[in-house]
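Residue-level listing of the chains:
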Amino acid sequence: MTLSLVSPDDIRSAFSQAMSDMYRQEVPQYGTLLELVGAINRRAMDADPRLAARLHADDETARLDIERHGAIRVGTAEELATLRRVFALMGMFPVGYYDLSPAGVPVHSTAFRPIDEASLKRNPFRIFTSLLRLELIEDDTLRRQAAAILSKRDIFTPGARELIELGEHQGGFDHEQAGRFVAEILETFRWHRDATVDHDTYRALHDAHRLVADVVCFRGPHINHLTPRTLDIDAAQAAMPDYGITPKAVIEGPPRRRVPILLRQTSFKALEEPIRFAGAEGGTHTARFGEIEQRGAALTPKGRQRYDELLARSRQAPAATDNLAHQRQLGDIFANFPDDEETLRRDQLAYFRYRLSKSGRERLAAGEPAPREAEALISEGWVEATPITYEDFLPVSAAGIFQSNLGDARPRAYAGESSRSAFELALGRPVYDEFELYARWQNDSWERVRQQLGL
Ligand code: OOG
Ligand code: NI
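The residue count restarts for each chain, going from 1 along the sequence in the order it is written. Chain letters and ligand numbers both follow the written order, the letters beginning at A and the numbers at 1. Where local features are concerned, this predicted model is filtered to residues with pLDDT of at least 70; where side-chain atom pairs are given and counted, the filter is 80 or more; whole-chain, interface and lining totals use all residues. Excluded from the side-chain calculations are hydrogens and water; all other atoms, namely the structure's heavy atoms, are used.

1. Here we look at the overall build of the protein
Inference 1: Within the protein one finds 20 helices and eleven strands.
Inference 2: Every radius of gyration here is taken over C-alpha atoms, with the globule rule written as 2.2 Å times N^0.38, N being the number of residues. Relative to the 2.2 N^0.38 estimate, which gives 23 Å for 455 residues, the radius of gyration of the protein is 23 Å and therefore close to what a compact globule would have.
Inference 3: In terms of overall dimensions, the protein has a C-alpha envelope of 80 × 65 × 40 Å along the principal axes.
Inference 4: Three labels apply to residues, based on accessible area from a 1.4 Å probe with only protein chains included: buried if under 20% of the type maximum, exposed if over 50%, partly exposed otherwise in between. Counting only residues that meet the buried cut, the protein has 56% of its 455 residues in that class.
Inference 5: Computed by Shrake-Rupley with a 1.4 Å probe, the accessible areas treat only the displayed protein chains as cover when residues are assessed. Surface accessibility of the protein: about 20,100 Å² in total, with carbon and sulfur atoms responsible for 50%.
Inference 6: Positive and negative charge centroids in the protein, built from 58 and 68 side chains respectively, lie 2 Å apart. Helix and strand definitions here come from DSSP, where helices need a minimum of 4 consecutive H or I residues and strands a minimum of 2 consecutive E residues; each element is numbered from the N-terminal end. Asp and Glu are treated as the negative residues and Lys and Arg as the positive ones, with His and the ends of the chain left uncounted. Note that the charge is assigned to NZ on lysines, CZ on arginines, CG on aspartates and CD on glutamates.

2. Considering the coordination of the nickel ion (ligand 2)
Inference 1: Summarising the metal site, the nickel ion (ligand 2) is bound by the protein donors His69 (NE2), His225 (NE2) and Glu291 (OE), whose distances to it range over 2.1 Å.
Inference 2: Here the donor residues of the nickel ion (ligand 2) are spaced in sequence according to H-x155-H-x65-E. On the criterion of sequence distance, the pair formed by His69 in strand β1 (residues 68-74) and His225 in strand β5 (residues 225-228) is long-range, its members being 156 residues apart.
Inference 3: The exposure class assigned to His225 is buried, which follows from its relative accessible area of 5%. The donor definition counts N, O and S atoms within 2.8 Å of each metal and applies 3.2 Å to Na, K and Ca; water is not among these atoms, so some sites may look incomplete.

3. Considering the side chain of Gln237
Inference 1: Relative to the elements of secondary structure, Gln237 occurs in helix α12 (residues 233-239).
Inference 2: Judged by its relative accessible area of 8%, Gln237 is buried.
Inference 3: In this structure the side chain of Gln237 is engaged in a polar contact, spanning 3.1 Å, whose partner is the backbone oxygen of Lys248.
Inference 4: Two residues form a contact once any of their heavy atoms are found within 4.5 Å. For Gln237, the contacting residues outside a window of four places in its chain are Pro247, Lys248, Ala249, Val250, Ile251, Thr266 and Asn323. Polar contacts, as used here, are pairs of N or O atoms within 3.5 Å; protein pairs need one atom able to donate a hydrogen and one able to accept it. Residues neighboring in sequence count only if both atoms are side-chain atoms.

4. Looking at the nonpolar core
Inference 1: Each nonpolar core is a collection of buried residues, namely Ala, Val, Leu, Ile, Met, Phe, Trp, Tyr and Cys, held together in the definition by side-chain atoms within 4.5 Å. Leu100, Phe128, Leu205, Val216, Tyr354 and Val383 are the most contacted members of the largest nonpolar core, which has 65 residues in total.
Inference 2: Counting residues in hydrophobic clusters, the runner-up holds 55 residues, among them Leu33, Leu36, Val74 and Met90.

5. Some words on helix α7 (residues 140-152)
Inference 1: Residue count minus one, scaled by 1.5 Å, sets the expected span of a helix. Look at α7: 19 Å from first C-alpha to last across 13 residues, which is about the 18 Å you get at 1.5 Å a residue.
Inference 2: Those residues of α7 not exposed but buried are Leu142, Ala146, Ile149 and Leu150. Projection of α7 onto a plane perpendicular to its axis shows the buried side chains occupying an angular sector of 95°, all on one side. Those residues of α7 that are exposed and aimed more than 90 degrees away from the buried face are Thr141, Arg144, Ser151 and Lys152.
Inference 3: In this structure, the buried residues of α7 make contact with α5 (77-88), α10 (199-208) and α11 (210-216).
Inference 4: In this structure Asp139 caps α7, since a side-chain oxygen of it lies 2.9 Å from the backbone nitrogen of Thr141. In this description, one arc is meant: the one made by directions from the helix axis to the C-beta atoms.

6. Focus on the packing of α5 against helix α8 (residues 158-170)
To describe two helices that pack against each other, one gives the angle between their axes and the distance between the axes.
Inference 1: Their axes nearest at 10 Å, the elements α5 and α8 cross at an angle of 50°. In this view, α5 runs oblique relative to α8, as classed from their interaxial angle. The way α5 lies across α8 gives a crossing that is left-handed. Counting all contacts with α5, which are made through Glu78, Thr82, Arg85 and Val86, the residues of α8 involved are Arg161, Ile164, Glu165 and Glu168.
Inference 2: Each residue gets one of three labels, nonpolar for Ala, Val, Leu, Ile, Met, Phe, Trp, Tyr, Cys and Pro, charged for Asp, Glu, Lys and Arg, and polar for the others, Gly among them. Taken together, the residues of the contact of α5 with α8 break down into two nonpolar, one polar and five charged. Angles run from 0 to 180 degrees between N-to-C directions of axes, and those axes are lines fitted to C-alpha atoms, restricted for helices to the stretch in contact. By definition in this entry, angles of less than 35 degrees are roughly parallel, angles greater than 145 are roughly antiparallel, angles of 65 to 115 are roughly perpendicular, and the rest are oblique. Each crossing gets its handedness from the near helix: less than a right angle anticlockwise from the far helix is left-handed, clockwise is right-handed.

7. As for unusual backbone geometry
Negative phi values dominate among residues other than glycine, just as trans dominates among peptide bonds.
Inference 1: Positive phi values are uncommon outside glycine, yet Ala280 reaches one of about 75°.
Inference 2: You can see Ala280 is positioned in the loop between β7 (272-276) and β8 (282-286).
Inference 3: For Gln348, which is not glycine, the phi torsion reads 55° and is therefore positive.
Inference 4: In this fold, Gln348 is placed in the loop between α15 (341-346) and β10 (352-356).
Inference 5: Of the residues examined, Gln348 reaches a relative accessible area of 56% and is grouped as exposed.

8. A word on α10
Inference 1: Taken together, the buried positions of α10 are Thr201, Tyr202 and Leu205. An end-on view of α10 places all buried positions within 100° of arc, on one side of the element. The outward face of α10, more than 90 degrees from its buried face, is lined by the exposed residues Asp200 and Asp207.
Inference 2: Of the surrounding secondary structure, the elements contacted by the buried residues of α10 are α7, α11, β7 and β8.

By themselves, these are just geometric observations and shouldn't be taken as functional.
Following this line, the structure appears as structure tokens:
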């Protein structure tokens, strides 16, 4: 008997939906965020027919309503490596390395996400996944205690472990197995009211760093937020209070621009939730929050370098206390960063996807000879270029999101190097390079155009 295997894209979609349903039950404010974002997106498309047309042309409207990312934090190499195997079965692969220790957060991270264009279109679900860096806990005894606690837990159900083996062995799942797989994996991300440690242990770990307590004291890496994608984050930020939600003071990332670039994010503060310690004493824990994102063009290494420089400059100025002032400051600093598609493309600051235009297709069908040069093909309207959407994250923004949830204590940078090779060793493979992926899409799209034109 041959198995009929379900596409990993379908498993990812089912999983993303199951996570969303679970999180909506667990954190009702998340449902409110979805409503708010849905309303803002409809308004943004009504107000800007060109934007709506482009999103349609790129097949992005279909993914917009289901698009979200989540985040989790794990404690050991084994947990991270097993998650890599789980996500691979859903068509999600580790892209990028993010070191958050310079910002005073003792983790390093990657994002599991689809890496080919068709899968991203189908469902771009991503999980920002952080590994605790126990070596950054200064106190030897506490560090050893944390490691001992982590070594005793298994964040996967026995059923999940069996299915991972089976899926790898078969090269996928049939329909029934896929359903069970999603249900078993969901358990890993569920919230647990019961801590695995007593109050004193929690306190000691919490005093080392709030994130240490969050990672070490529970049975599993509860999903800590799910983030819908909006087309207008400034409007979303402004509307949050109307929906009874208090946003963090400023939107992270680049300023508002005519051509959005990279990623802009805002969040609401983590909730203080009741928990029970071992020994039945009650207390609270603060981990889960809500976030909204807006995605723009993926920048080339050259564009990204310029972004990083301008962002660093903006951070030297005293921090603005409200978003409007912050956006004004940022806008001034980014004034020289080109803000039209033509220049972003010609200066090779952003990645573009090329395709034959309607008129190009008509002229081709009529037998008109096409110019040979790329720029002529574009300026004469044969070929259209649209910015490629950024599918990844930003370390400084991520640190800002972490920090808005860590109380107002001034973050203290950890000394010591970034440790990408240690992360990859724990993960069990190198992470994909985001720039290579975008460059490949850009090149592939040109190649397709050239083939269509017989060049
Ligand atoms: C992850 C924070 C970073 C983002 O979107 O950049 C993040 C976390 O709090 O675990 O979610
Ligand atoms: Ni996030």
